[in-house]
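# Structure assessment
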Amino acid sequence: MTGKTRKCFFGLKVDRQLDGDKMNRTFVDRVMTEGGEGVAIAACMQCGTCSGGCTNIDRMDLSPRTLVLMVQRGEWDKVLQSQSLWLCTSCYICTSRCPRGVRPSDVIEAVKAIAIRQGIENDSTRFNQIFVELIQKRGILFEPELMQKYGGISAMLEQAELGIKLALKGKMSPFPAKIQDPTTFSQALEKAAQS
Ligand code: SF4
Ligand code: SF4
């Protein structure tokens, strides 16, 4: 197979797989360095099984199959600008179904990490940043605090009724919880920062 697209009788694209020697190794290697050997990008045969099972495909501008193909081709700008990176819910269905062991979810996580390091900023990166900071601070999430930091007072007021109902049913505490072993948690954070 070649990278050139052929069409069958009904206009379906039948030849999307890229030969190994036509792949942009710079990009493939970069994503593999970030995501580990498990992201076997070169093994993708463009079958589309990942996209077929993706739980958020309706909202994505690039399917997981296309994202993997673009990494193979080195279409880096399109990959980094794709909203799909931030819409992936890390449900791992694509990875569990991929017949070639490509692990598209890990490819997406690796590209996200690179995108953040390259300074890509959007609502999702802001949410991620706030989430991480709050976990670092308490070791456990306190939802009202997340809502206040992310959406401001107006978001808190909007959700106040729901929050009170959840608190009355014991589904959410009105006070921040404490973790049982802060020392072990701090050690885990330090280890993660070094890796
Ligand atoms: S399921 Fe695997 S082999 Fe098929 S397109 Fe997706 S990543 Fe490629
Ligand atoms: S991990 Fe992401 S890309 Fe894979 S099926 Fe779930 S939402 Fe789709």
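The structure under discussion appears in the preceding block.
Residues numbered from 1 in each chain as written. Chains lettered and ligands numbered in written order. Predicted model: local features only at pLDDT ≥ 70, side-chain atom pairs only at ≥ 80, totals over all residues. Heavy atoms only, no water.

### A few points about the site of ligand 1
Near ligand 1 you find 13 residues, and of these Cys-44, Cys-47, Gly-48, Cys-50 and Cys-98 are the closest. Of the residues that constitute the shell around ligand 1, the class distribution is eight nonpolar, three polar and two charged. (Near = heavy atom within 4 Å. Nonpolar A, V, L, I, M, F, W, Y, C, P; charged D, E, K, R; others polar.)

### A look at the site of ligand 2
Ligand 2 sits among Cys-54, Thr-55, Pro-64, Cys-88, Thr-89, Ser-90, Cys-91, Tyr-92, Cys-94, Ser-105 and Ile-108. Broken down by class, the residue content of the shell around ligand 2 amounts to seven nonpolar, four polar and no charged.

### Examining the packing of aromatic side chains
Under the defined criterion, the tally for this structure stands at two aromatic pairs. For the pair Phe-127 and Tyr-150, a centre-to-centre distance of 5.1 Å together with 90° between the ring planes defines the contact as edge-to-face. Placement of the pair is Phe-127 in helix H8 (residues 123–138) and Tyr-150 in helix H9 (residues 143–168), with a sequence separation of 23 residues. (Phe/Tyr/Trp six-rings, centres within 6.5 Å; stacked < 30°, edge-to-face > 60°. Helix = DSSP H or I, 4+ residues; strand = E, 2+ residues; numbered from the N terminus.)

### A closer look at the packing of helix H1 (residues 25–35) against helix H7 (residues 104–117)
H7 packs onto H1 with a crossing angle of 100° between their chain directions and a minimal axis gap of 8 Å. Considering their axes alone, H1 and H7 lie roughly perpendicular with respect to each other. Residue-level inspection shows Arg-30, Val-31, Glu-34 and Gly-35 of H1 in contact with H7, the latter providing Val-107, Ala-110, Val-111, Ala-113, Ile-114 and Arg-117. Tallied by class, residues from the contact of H1 with H7 come to six nonpolar, one polar and three charged. (Axes fitted to C-alpha atoms, helices over the stretch in contact; angles between N-to-C directions. Parallel < 35°, antiparallel > 145°, perpendicular 65-115°, else oblique. Contact = heavy atoms within 4.5 Å.)

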